[in-house]
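# Structural features, examined
What follows is the residue order along each chain.
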Amino acid sequence: MSAITKTIDARGLACPQPVLIATDEMDAIGCGRIEVLTDCGASPENVGRAAKAKGWRLVSSSEDKGTVRLVLEKE
Amino acid sequence: MRLPFGWGDKAPRSTQKPVAGAGHDKGVMAFAHTAEVIRAEAALRGGGLEVRVMGPPPEMRTGCDMVVEFELMREPQARRLLAQANLAPVAVAPVRAGMLEPVSLFQTKDFGPWLMVRAANMKLTVDKASRVIVNISGGGCPDVPALAELLVGQTLDAAPAPLSRGQTLCAYALELAFREAQRQLPERPRGRP
């Protein structure tokens, strides 16, 4: 398992901003492993969908005290 | 003053007198249910009328949060088309002085490289340069996830019209947002920046 290339802390941001920031990062680095932290209810599903549309995959999703941690990967 | 269709029972009469020449070219129709607004818009457009779905002026709120704006001079044609579709508005009135204008259903927010268009309860966000749909959110209807799956990652030209794939009010709101995004971000002719 490769290391996290970048952590995006999108906590406190309303949808669609977590998606937009994650999208921007995916475009910027091209491939790798990104961690996204969000506390916006709709964002996990939307971030996962945006990642899939860009050829990335959602590796894991976990929730702790209202914060969802998503790990996205593209090799 | 006798209104073209007359007000419906639920809509109060305006206490303001109309001003000659002010805003008499447009009228608005209210319907009992949003589903009827959708059918009315389709029937009127199908008959060649230019109509817009808008938020109702405060005086005309009848329970449905959308009205159809039309050209008042086309009233007889609109009446025929609606009758053919078995539709009857609960209230119809000219947009005149003293009545607040119908309000746009759309809200747009500029996020720099992205534009978000909101129509009613649905939000659609597009990359302005590529015109690719990057996010769809809102709703709560069962077909929203499937619609989002279909549209996200597609350009505004390649994506299917939401109402061609969904049947709910969310699909309709998304359709309106989709059309508005297409209007605000028209395709540029090739070879031009």
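Above this note sits the structure.
Nothing here was measured: the structure is a model prediction, and the numbers come from that model. (Residues numbered from 1 in each chain as written. Chains lettered and ligands numbered in written order. Predicted model: local features only at pLDDT ≥ 70, side-chain atom pairs only at ≥ 80, totals over all residues.)

In this section: the overall build of chain B. Within chain B, the secondary structure is distributed over five helices and eight strands. If you take every contact in chain B between residues at least 6 apart in sequence, the share linking residues at least 24 apart comes to 65%. (Helix = DSSP H or I, 4+ residues; strand = E, 2+ residues; numbered from the N terminus. Contact = placed C-beta atoms within 7 Å.)

Chain B puts 12 residues into the contact, and the matching count from chain A is 10 residues. Elements with a minimum of two residues in the side of chain B that touches chain A: β6 (114–119), β7 (122–127), β8 (133–138) and α3 (144–151) of chain B. At three residues, the largest contribution of residues to the side of chain B that touches chain A is made by β8(B). Tallied by class, the residues present in the side of chain B that touches chain A amount to six nonpolar, four polar and two charged. (Nonpolar A, V, L, I, M, F, W, Y, C, P; charged D, E, K, R; others polar.)

Glancing now at the sheet that holds strand β1 (residues 26–30) of chain B. Residue and element names in this part refer to chain B. As summarised here, the arrangement of the four strands in space is β2-β3-β1-β4, forming an open sheet in which the pairing is antiparallel. At either end of the open sheet lies a strand with only one pairing partner, and these are β2 (52–54) and β4 (91–94). Across the sheet, the mean angle from the axis of one strand to that of its neighbour is 30°, orientation sign disregarded. Sheet topology places β1 next to β4; four bridges connect them, and they run antiparallel. In the sheet register, V28 faces β4, and the bridge partner there is A93. (Pairing = 2+ DSSP bridges. Axes fitted to C-alpha atoms, helices over the stretch in contact; angles between N-to-C directions.)

Residues and elements named next belong to chain B. In terms of nonpolar packing, the biggest core is built from 71 residues, with V68, L124, I133, A173, L174 and A177 touching the most fellow members. Take this core: its biggest share by element is 10 residues, from helix α5 (residues 169–184). If you count residues domain by domain, this core takes at least three from each of domain 1 (1–102) and domain 2 (106–184). The contact partners of L174, leaving out residues within four places of it in the chain, are M122, L124, I136, L147 and P162. (Core = buried A, V, L, I, M, F, W, Y, C linked by C-beta atoms within 7 Å. Buried ≥ 20, exposed ≤ 12 C-beta atoms within 10 Å, placed from the backbone. Domains from an automatic or database assignment.)

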